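# Breakdown of the fold
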Amino acid sequence: MNGVASVDVTILHNPRCSKSRASLELVPDAHVVKYLDEPLDREAVLQLLAELEDSPSDLVRRDPLFHELGLTNADVESAEQVADLLSAHPQLMERPVIIRGNAAIIGRPTERIAAFLAD
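First things first, this report covers the structure right here in the doc. (Residues numbered from 1 in each chain as written. Predicted model: local features only at pLDDT ≥ 70, side-chain atom pairs only at ≥ 80, totals over all residues. Heavy atoms only, no water.)

Within a regular strand, the side chains alternate between the two sheet faces. With five of five residues buried, strand β1 (residues 9-13) lies mostly within the body of the structure. Residue alternation in β1 divides its side chains into two sets, V9, I11 and H13 and T10 and L12, and both sets are buried. Pairing of β1 with strand β3 (residues 97-100), which is carried by four bridges, proceeds in the antiparallel orientation. Among the inter-strand pairings, V9 is bridged to a residue of β3, identified as R100. As judged from the four bridges shared by β1 and strand β2 (residues 31-34), these two strands associate in the parallel manner. Each residue of the ladder has a partner; that of H13, found in β2, is K34. (Buried < 20%, exposed > 50% of the residue type's maximum accessible area, 1.4 Å probe, protein only. Helix = DSSP H or I, 4+ residues; strand = E, 2+ residues; numbered from the N terminus. Pairing = 2+ DSSP bridges.)

Glancing now at the side chain of R95. Relative to the elements of secondary structure, R95 occurs in the loop between α4 (79-88) and β3. We note that R95 is buried and unpaired, the nearest opposite charge coming from E94 at a distance of 5.0 Å. In this structure, R95 is in contact with L12, N14, C17, S20, Y35, R61 and R108, ignoring residues within four places of it in sequence. (Lys, Arg positive; Asp, Glu negative; His and termini not counted. Salt bridge = Lys/Arg side-chain N within 4 Å of Asp/Glu carboxyl O. Contact = heavy atoms within 4.5 Å.)

Right, let's get into the packing of helix α2 (residues 42-51) against α4. Between α2 and α4, whose axes approach to 8 Å, the crossing angle comes to 135°. In terms of orientation, α2 and α4 fall into the oblique class. Here α2 runs over α4; the crossing is right-handed. Contacts between α2 and α4 pair R42, V45, L46 and L49 from the former with A79, E80, V82, A83, D84, L86 and S87 from the latter. The class makeup of the residues in the contact of α2 with α4 is seven nonpolar, one polar and three charged. (Axes fitted to C-alpha atoms, helices over the stretch in contact; angles between N-to-C directions. Parallel < 35°, antiparallel > 145°, perpendicular 65-115°, else oblique. Left-handed = near helix turned anticlockwise from the far one by under 90°. Nonpolar A, V, L, I, M, F, W, Y, C, P; charged D, E, K, R; others polar.)

Next comes the structure, spelled out in structure tokens:
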């Protein structure tokens, strides 16, 4: 796979996620933030959401922890709700997140990454 030029690209990365690992192959010289080791605080999540092309709710994984916490889609409709949740439970963040300048996307499917960086 050919890498994509990555001028000032940051990837919020989870090494255990295959899609996240694939994003590193696409953008090998990106700045990598292992967000489980360096969790974003509430303000950083709000900033990310302001830059995200996707809806705030899309940034939240609906995995077993989401259900264990008794959450529903109604609990993650607004940026404020998502910021509160992800600052407390960073493992619920969808990944990978690709940030370039003042714009960000969720890199799923991974084909979105090349299109995002080509703009």
